[in-house]
Number of protein chains: 2
Amino acid sequence: MMGSFSVKPVKVGICGLGTVGGGTFNVLKRNAEEIARRAGRGIEVAQIAARRPNPKCETGSTPITADIFDVANNPEIDVVIELIGGYTLAHELVLKAIENGKHVVTANKALIAVHGNEIFAKAREKGVIVAFEAAVAGGIPVIKAIREGLAANRINWLAGIINGTGNFILTEMREKGRAFADVLKEAQALGYAEADPTFDVEGIDAAHKLTILASIAFGIPLQFDKAYTEGITQLTTADVNYAEALGYRIKHLGVARRTDKGIELRVHPTLIPADRLIANVNGVMNAVMVNGDAAGSTLFYGAGAGMEPTASSVVADLVDVVRAMTADPENRVPHLAFQPDSLSDHPILPIEACESAYYLRIQAKDHPGVLAQVATILSERGINIESIMQMEVEEHDGLVPMILVTHRVLESRIIEAITAMEALDDVVGNVVRIRVEQLN
Amino acid sequence: MMGSFSVKPVKVGICGLGTVGGGTFNVLKRNAEEIARRAGRGIEVAQIAARRPNPKCETGSTPITADIFDVANNPEIDVVIELIGGYTLAHELVLKAIENGKHVVTANKALIAVHGNEIFAKAREKGVIVAFEAAVAGGIPVIKAIREGLAANRINWLAGIINGTGNFILTEMREKGRAFADVLKEAQALGYAEADPTFDVEGIDAAHKLTILASIAFGIPLQFDKAYTEGITQLTTADVNYAEALGYRIKHLGVARRTDKGIELRVHPTLIPADRLIANVNGVMNAVMVNGDAAGSTLFYGAGAGMEPTASSVVADLVDVVRAMTADPENRVPHLAFQPDSLSDHPILPIEACESAYYLRIQAKDHPGVLAQVATILSERGINIESIMQMEVEEHDGLVPMILVTHRVLESRIIEAITAMEALDDVVGNVVRIRVEQLN
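Residues numbered from 1 in each chain as written. Chains lettered and ligands numbered in written order. Predicted model: local features only at pLDDT ≥ 70, side-chain atom pairs only at ≥ 80, totals over all residues. Heavy atoms only, no water.

1. Description of the overall build of chain A
Part 1 of the argument: Along the backbone of chain A there are 14 helices and 17 strands.
Part 2 of the argument: Its C-alpha atoms give chain A a radius of gyration of 24 Å, near enough to 22 Å, the size a compact globule of 440 residues would have.
Part 3 of the argument: Per-residue burial for chain A yields a buried fraction of 61% across its 440 residues.
Part 4 of the argument: A separation of at least 24 residues holds for 73% of the contacts in chain A among residues at least 6 apart in sequence.
Part 5 of the argument: Accessible surface computed for chain A: about 16,300 Å², of which carbon and sulfur atoms make up 50%. (Helix = DSSP H or I, 4+ residues; strand = E, 2+ residues; numbered from the N terminus. Rg over C-alpha atoms; globule rule 2.2 N^0.38 Å. Buried < 20%, exposed > 50% of the residue type's maximum accessible area, 1.4 Å probe, protein only. Contact = heavy atoms within 4.5 Å. Areas by Shrake-Rupley, 256 points an atom, 1.4 Å probe, with all protein chains shown as cover.)

See below:
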């Protein structure tokens, strides 16, 4: 068989010619020679399914259909590239492509996080590959890094800034002292945030990506429904500034950690020591830290979204598929990094059973003894205090903000403590609680 | 063939049981189950070649020989892991293993940078794989990232902190104001630097790694002899501090850049804007930035050396070899990322033809008009000034340090300018010259 492929190009069909689809078409066209020099075989876009043309793409004589299923059913096509997004139609399309014996490349995190187990099982049955590097962190090849590059490791934890919109908002809040709602409006105007920003700012998009990362890191099935998700909509510039004064930055992190009892899978605002590399990832950029027992901590940084960064990962997947499509299916990199029959049933922990350190902001009346009461509540529950910062009385309300950072403690324990604090006569309103991770 | 490999483990032989060899043995043993769950096949250390035991390894009943060629000639062994280091014996060992039809995994950057073209040609002849992820940046899977993860890109440039010893020294100089020689002595005591530190501090080790990175990034043969190398031994704390005042950090970088005229391949101290992520990579840690036309700038960070980080990459390579050994050799990832018959002959540029911005420190007598003379020298050669910092007269010598940062200019042009400056009556001693890169 040696060299027999160098003649005939692989034929791919692009479904969806929006931002990522357009980028993929353009990269395949512009870098055709460079890519073929690597892959040892040309990659030809044989069909595009799109409801409307993309003004940024000169598709020339490439056949275009309005029906994505034309591509999935096209007997000439070897690989279907699903870039339409969403759960429903994309799900049908991918299953149809697999049923027709075609390999699939997708950038669809929601689809993989929610329907991945079913999709990979079908793909295995049919002996085809479903590649999804572009589904997490855009142009950063982090799926490959974890699934292959760190294959020697027992992975302990990973933590990622995996939503560019959220990171842009937090960066602006810190650097310019702007309020959340104000920055969100700008992000929408710049096209970084959707008209309905829920997926981004409530952490749902990050939870999709985290679900995928955790599966390939720990060898567990995809379990998006068990991910804990907390957004950044409640964050105030006051907390951003207090965190800064304590030597921390606030980032919206996806965290997955392996413990003896189970796996933590959680997305939430997080204080990180300001001197950590990941604390200095700003604007729309993404980064994922991975801690393995052999490699220690590694970090992978780059553009998390955008036309060509995401296309970079789609096309890298294509090159992988071109190489692996002729290999024994049992000898390919498994979809979820571990052989499908050796996935682990280590449970995902409910958030109450997760552990982290906490930043607490308490608004207290300017009476003596509040600190003592708060300290007693914590010590009675075995919660150690790492640092305390008591501020001056605030003029507008006469209240004293008290900032505490605790040692690591069970979530259920801190919730008890907060409930007790909020019941104190001298504590006003809710206690603000933000998790703290050292990431070293 | 489906599933037929799950029964029989792959047999590997470890040559060299020092730091990396010991780490590799231990990782393979400790994570045997995790690794087999990924690879779909066990990996068994069938033989070790070592002149003495490693107190950190419990080798138990694993057969040990003193002769590395016993491993290369052992008919039971599928993969030879070369971890003895050096150019001579390692070269013979790898060629013998290839001749015997065995796959090879190595952590030996010097061997690959100097003899890689020959080794890969032999490997191709014999249809075997030579894997070398561990040769660059220890536990960071950066070879895989560039060779596969960024396969869609035309790579524009890369820049790396790829020598931990040098970075440790520069970090200490900046953070603690210590002198080079002083920190070097400590690094030697800590075991970060060799008794003869030439390879590390003169940039030879970094040039080996850069040579490898440039080949896989640009698809050119390995050309270590054409790499430009400048060490950090001449760096003073004065320059570290002036750089800081200008908003820069000094790092010992390996830089490879594609230009129309050829490829720049250079290792030297470099000023980087302090807010770049790579400027904040401290201590013995490594990081490589890669800029591709589609992905934009990405960064890969982690431990660049050490027992288990390096072993992490050796074992990841093993898992790759286990998967690819049964594949059509023509369909594997090419050794140098590009198909061997489509490597480019784009030349490596001599340093005089390379371009960068420059930091210049001029010691001048406290006379009026020196700045005007210096500015004239630059402007006559079309060199624009980005910023100037003129310091107070120094008490101990009555001289005035003048710091300039230029725009980008040809190396040959700046050398002319420096020669002219040094000829001025009011300029004392040599002009200090350090390159500046923006890396954005």
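2. Things to note about the sheet that holds strand E6 (residues 130–131) of chain A
All names here are of chain A.
Part 1 of the argument: The 6 strands are arranged E3-E2-E1-E4-E5-E6 in an open sheet whose pairing can be described as parallel. In this open sheet, the two strands that pair with only one neighbour each are strand E3 (64–65) and E6.
Part 2 of the argument: Strand direction decides the pairing type here: strand E1 (residues 10–15) and strand E2 (residues 43–49), joined by 6 bridges, are parallel. In the strand pairing of E2, isoleucine 14 is matched with isoleucine 48.
Part 3 of the argument: On the sheet, helix H4 (residues 88–99) packs against E1, strand E4 (79–82), strand E5 (103–106) and E6 and is oriented at approximately 170° with respect to E4. (Pairing = 2+ DSSP bridges. Axes fitted to C-alpha atoms, helices over the stretch in contact; angles between N-to-C directions.)

3. With respect to the domain arrangement of chain A
Residues and elements named next belong to chain A.
Part 1 of the argument: Domain annotation of chain A identifies domain 1 (10–140 + 308–341), domain 2 (142–303) and domain 3 (355–435).
Part 2 of the argument: Counting residues at the interface gives 18 residues for domain 2 and 16 residues for domain 3.
Part 3 of the argument: For domain 2, the biggest contributors to the area lost against domain 3 are Asp239, Tyr242 and Leu246; these three give 43% of the whole.
Part 4 of the argument: Taken together, the links from domain 2 to domain 3 amount to 3 salt bridges.
Part 5 of the argument: As a salt-bridge pair, glutamate 230 and arginine 433 come within 4.0 Å of each other at their nearest N and O atoms.
Part 6 of the argument: One can count 9 residue pairs in polar contact (both at pLDDT 80 or more) joining domain 2 with domain 3.
Part 7 of the argument: The set of elements that each furnish at least two residues to the side of domain 2 that touches domain 3 consists of helix H11 (237–245), strand E9 (248–258) and strand E10 (263–273).
Part 8 of the argument: Ranked by residue count, the leading element in the side of domain 2 that touches domain 3 is E10, at 6 residues. (Domains from an automatic or database assignment. Buried area = accessible area lost by both parts, 1.4 Å probe. Salt bridge = Lys/Arg side-chain N within 4 Å of Asp/Glu carboxyl O. Polar contact = N/O pair within 3.5 Å; in protein donor to acceptor, adjacent residues only side chain to side chain.)

4. What about the packing of aromatic side chains?
Part 1 of the argument: For the structure on display, the rule yields 5 aromatic pairs over all chains.
Part 2 of the argument: Aromatic side chains phenylalanine 300 of chain A and phenylalanine 300 of chain B sit 6.2 Å apart centroid to centroid with 65° between the ring planes, which places their arrangement in the edge-to-face category. Pair noted here: phenylalanine 300 of chain A is in strand E12 (residues 296–303) and phenylalanine 300 of chain B is in strand E12 (residues 296–303), and the two residues belong to different chains. Just as phenylalanine 300 of chain A is buried, phenylalanine 300 of chain B falls in that class too. (Phe/Tyr/Trp six-rings, centres within 6.5 Å; stacked < 30°, edge-to-face > 60°.)

5. Notes on the UniProt feature "domain: ACT" (unreviewed entry) in chain A
Part 1 of the argument: What UniProt calls "domain: ACT" (unreviewed entry) maps, in this numbering, to residues 359–436 of chain A.
Part 2 of the argument: Within the segment residues 359–436 of chain A, helix and strand shares are 29% and 36% respectively, and the terminal C-alpha atoms sit 6 Å apart. (UniProt positions renumbered as here; feature names shortened; annotations may be inferred.)

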